[in-house]
Every structure is written in C-alpha cells, then in structure tokens.
Amino acid sequence: MTLIDGKAVSAAVKERIRKEIEEKKLKIGLAVVIVGNDQASRVYVNNKKKACEFCGISSYEYALPEETTEFQLLKLIDDLNNDSSVNGILVQLPLPKHIDEKKIIGYISPEKDVDAFNAVNVGKIMIGDYAFLPCTPAGVMELIHSTGTEISGKECVVIGRSNIVGKPMAMLLLHENATVTICHSKTENLREVCGRADILVSAVGRAGFVTADMVKEGAVVIDVGMNRNEEGKLCGDVDFDNVKDKCSYITPVPGGVGPMTIAMLMENTLRAKKLQCL
Ligand code: GUN
C-alpha cells in the first residue's frame with residue numbers, strides 16, 4: 001500500500017499558481033462569505049484564506065451573524081457580483097436553516113462561482129465544458145492522477161450522491177472514460193458493488209463506513225469523508241487500519257483530499273480572473 005500525500009500534491013499545485021500570479025503580476029480577489037458559527041466552516045474558511053495569502057490572492061472575508069436574513073445575503077452577493085476587484089465569490093456551506101442555499105448559490109454570478117455550485121456551471125460540467133471544476137472532485141482526480149493509475153475503462157464506484165461531491169465526481173470519472181457506479185443509502189448489495197471497484201471514492205460522512213470486505217484487492221481508495229470518531233479524532237469514512245493492507249493506494253484523513261479541495265479553489269480563482277480578462 002502507498003499513502004497518497006494530499007499535502008504534497010496540493011503544495012505543488014499552490015506553488016504553480018503562486019508562481020503564475022507572481023510572474024504575470026495578476027491582481028486577484030476572492031470574497032469568502034461565512035454565515036453563523038459553524039466550527040468546521042470556520043476552520044475551512046481560515047484554511048482557504050491562508051491558501052490565498054500563500055498564492056498572492058487577496059481574500060476578503062465577510063463573516064455574518066447567524067441571524068442574517070436571506071435578503072441581506074442576496075444584497076451582499078449582488079454587491080460582490082458587481083465589484084470588479086472581486087474575481088471569485090465563495091459562500092461557505094452549510095448556511096443557517098432559514099436561508100435557502102439554492103437561491104443563494106443561484107444568485108452568484110456564474111463567472112465568479114469558484115465552487116462551481118451554480119446551475120450554469122453544474123450544467124457545463126455535465127456536458128464536459130468546464131469553466132470551473134468542482135473543487136473536491138477535481139482534487140480527487142489530481143490525487144488519482146498522481147498515482148499514475150489508468151482511469152480509462154476501469155470500474156469506479158462513488159459512494160454518496162451529493163451535489164457537491166458524489167454527482168460531479170462521477171461525471172469527472174466518466175469524462176475520463178471510467179465505468180462509473182454511484183452508490184447511496186438505497187443501494188442494495190453495497191458490499192458487492194464496492195467490491196468491484198478498481199477506484200473507490202467514498203463521500204458518505206460516516207466514520208468506519210467503508211470496511212475491508214467492501215474493498216477489492218489492489219484498489220485505489222479515496223476517502224472524502226471528514227468525520228469525528230468516538231474519541232473526537234478527525235477521521236474519514238474508511239476503516240483505514242483494516243483497509244490499508246488490501247489496497248494499492250489510499251488517502252489519509254487528514255492530509256488527503258482536504259488540502260486538495262483548497263488547492264483547486266485557488267486554481268478556480270486564478271481561472272476566474274483569466275476568464276474575466278478575456
Ligand atoms: N462546505 C463543504 N464543502 C464546501 C465547499 O467545497 N465549498 C463551500 N463553499 N462550502 C462547503
């Protein structure tokens with residue numbers, strides 16, 4: 001088994017971006033919007049801001065209180081859509097219950113939608129015309145590429161069908177000619193389906209969900225999960241200790257997919273700038 005080092009791969013991506021921004025003397029701004037007091041979101045946002053700083057991207061944080069109204073948030077997004085110093089807009093999810101996430105995401109200008117969550121960008125992903133790649137799935141693709149594993153023609157199984165990870169993940173694998181299966185809570189014979197996977201991507205959000213009996217000998221295992229176990233320790237979906245000896249490559253949590261999501265966000269922000277300069 002070889003560990004896939006997400007920190008190293010992401011560092012290389014960020015360094016390439018930093019260099020390009022420096023050489024071309026680009027002035028790039030990313031607005032980062034966070035509403036409420038979700039602790040995990042706070043950590044993610046801080047990490048995104050740190051990555052901006054490293055790459056030479058100006059980050060503008062808008063930390064709004066839990067009781068912010070939908071109208072106030074829409075107004076902020078309208079202002080950011082019209083602000084030429086802001087090339088990318090990221091609204092950290094989840095939003096408080098009283099705010100309609102779909103409405104907010106739909107309001108972000110597609111040209112500034114660096115998460116690729118807006119329906120216009122999701123539609124482009126479906127037809128293989130990528131303005132922005134969805135950050136987490138794109139990061140997973142980079143990690144798989146880093147192993148040198150052939151994707152074309154392979155059995156790939158994605159566990160989870162979220163709009164943020166599962167669905168776009170399946171699409172990126174499909175575009176590289178994989179045979180793709182998406183599993184979810186209603187899937188029958190989950191163990192058998194997962195056991196066919198040459199590349200298994202888990203995005204479930206439950207510690208210990210992927211057990212060794214679900215993994216094919218020699219598979220590449222990518223763990224998108226970000227959970228806390230009973231001891232409060234950060235862990236993924238995969239029963240790492242028991243799966244690691246069965247697979248060819250595996251991502252750790254932390255230090256696997258997480259850093260890649262942020263590196264791809266930097267890539268999208270640079271891409272937004274370039275698209276807006278055309
Ligand atoms: N919440 C969980 N993952 C993400 C992400 O990739 N982007 C945003 N904006 N919110 C998230």
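Further up the page is the structure itself.
Here we summarise the structure given alongside this text.

Calculation criteria
Residues numbered from 1 in each chain as written. Predicted model: local features only at pLDDT ≥ 70, side-chain atom pairs only at ≥ 80, totals over all residues. Heavy atoms only, no water. Helix = DSSP H or I, 4+ residues; strand = E, 2+ residues; numbered from the N terminus. Expected span 1.5 Å × (residues − 1). Buried < 20%, exposed > 50% of the residue type's maximum accessible area, 1.4 Å probe, protein only. Contact = heavy atoms within 4.5 Å. Axes fitted to C-alpha atoms, helices over the stretch in contact; angles between N-to-C directions. Parallel < 35°, antiparallel > 145°, perpendicular 65-115°, else oblique. Nonpolar A, V, L, I, M, F, W, Y, C, P; charged D, E, K, R; others polar. Near = heavy atom within 4 Å. Polar contact = N/O pair within 3.5 Å; in protein donor to acceptor, adjacent residues only side chain to side chain. Areas by Shrake-Rupley, 256 points an atom, 1.4 Å probe, with all protein chains shown as cover.

Glancing now at helix H6 (residues 135–147). The end-to-end C-alpha distance of H6, which contains 13 residues, comes to 19 Å, matching closely the 18 Å that a straight helix rising 1.5 Å per residue would cover. The buried fraction of H6 amounts to ten of the 13 residues, a majority that puts the element mostly inside the structure. Residues of H6 that are buried include every one of Cys135, Thr136, Pro137, Ala138, Gly139, Val140, Met141, Leu143, Ile144 and Thr147, and no others. Looking at the buried side of H6, the elements it contacts are helix H1 (6–23), helix H7 (166–175), strand S7 (199–202), strand S8 (220–223), strand S11 (249–250) and helix H10 (257–277).

Turning to the packing of H1 against helix H2 (residues 39–55), a few remarks are in order. For the pair H1 and H2, interaxial distance at closest approach is 8 Å and the crossing angle is 50°. Here H2 runs oblique to H1, going by the angle between their axes. Residue-level inspection shows Lys14, Glu15, Ile17, Arg18 and Ile21 of H1 in contact with H2, the latter providing Ala51, Phe54 and Cys55. Taken together, the residues of the contact of H1 with H2 sort by class into five nonpolar, no polar and three charged.

The next thing to look at is the site of the ligand. Around the ligand, a shell composed of Lys48, Leu90, Val91, Gln92, Leu93, Asp115 and Phe117 is seen. A distance of 3.3 Å separates a nitrogen atom of the ligand from a polar side-chain atom of Gln92. Asp115 has a polar side-chain atom sitting 2.6 Å from a nitrogen atom of the ligand. For the ligand, whose unbound accessible area comes to 280 Å², protein coverage reaches 82%. The class makeup of the residues in the shell around the ligand is four nonpolar, one polar and two charged.

Take it as geometry only, folks, not as evidence of what the structure does.
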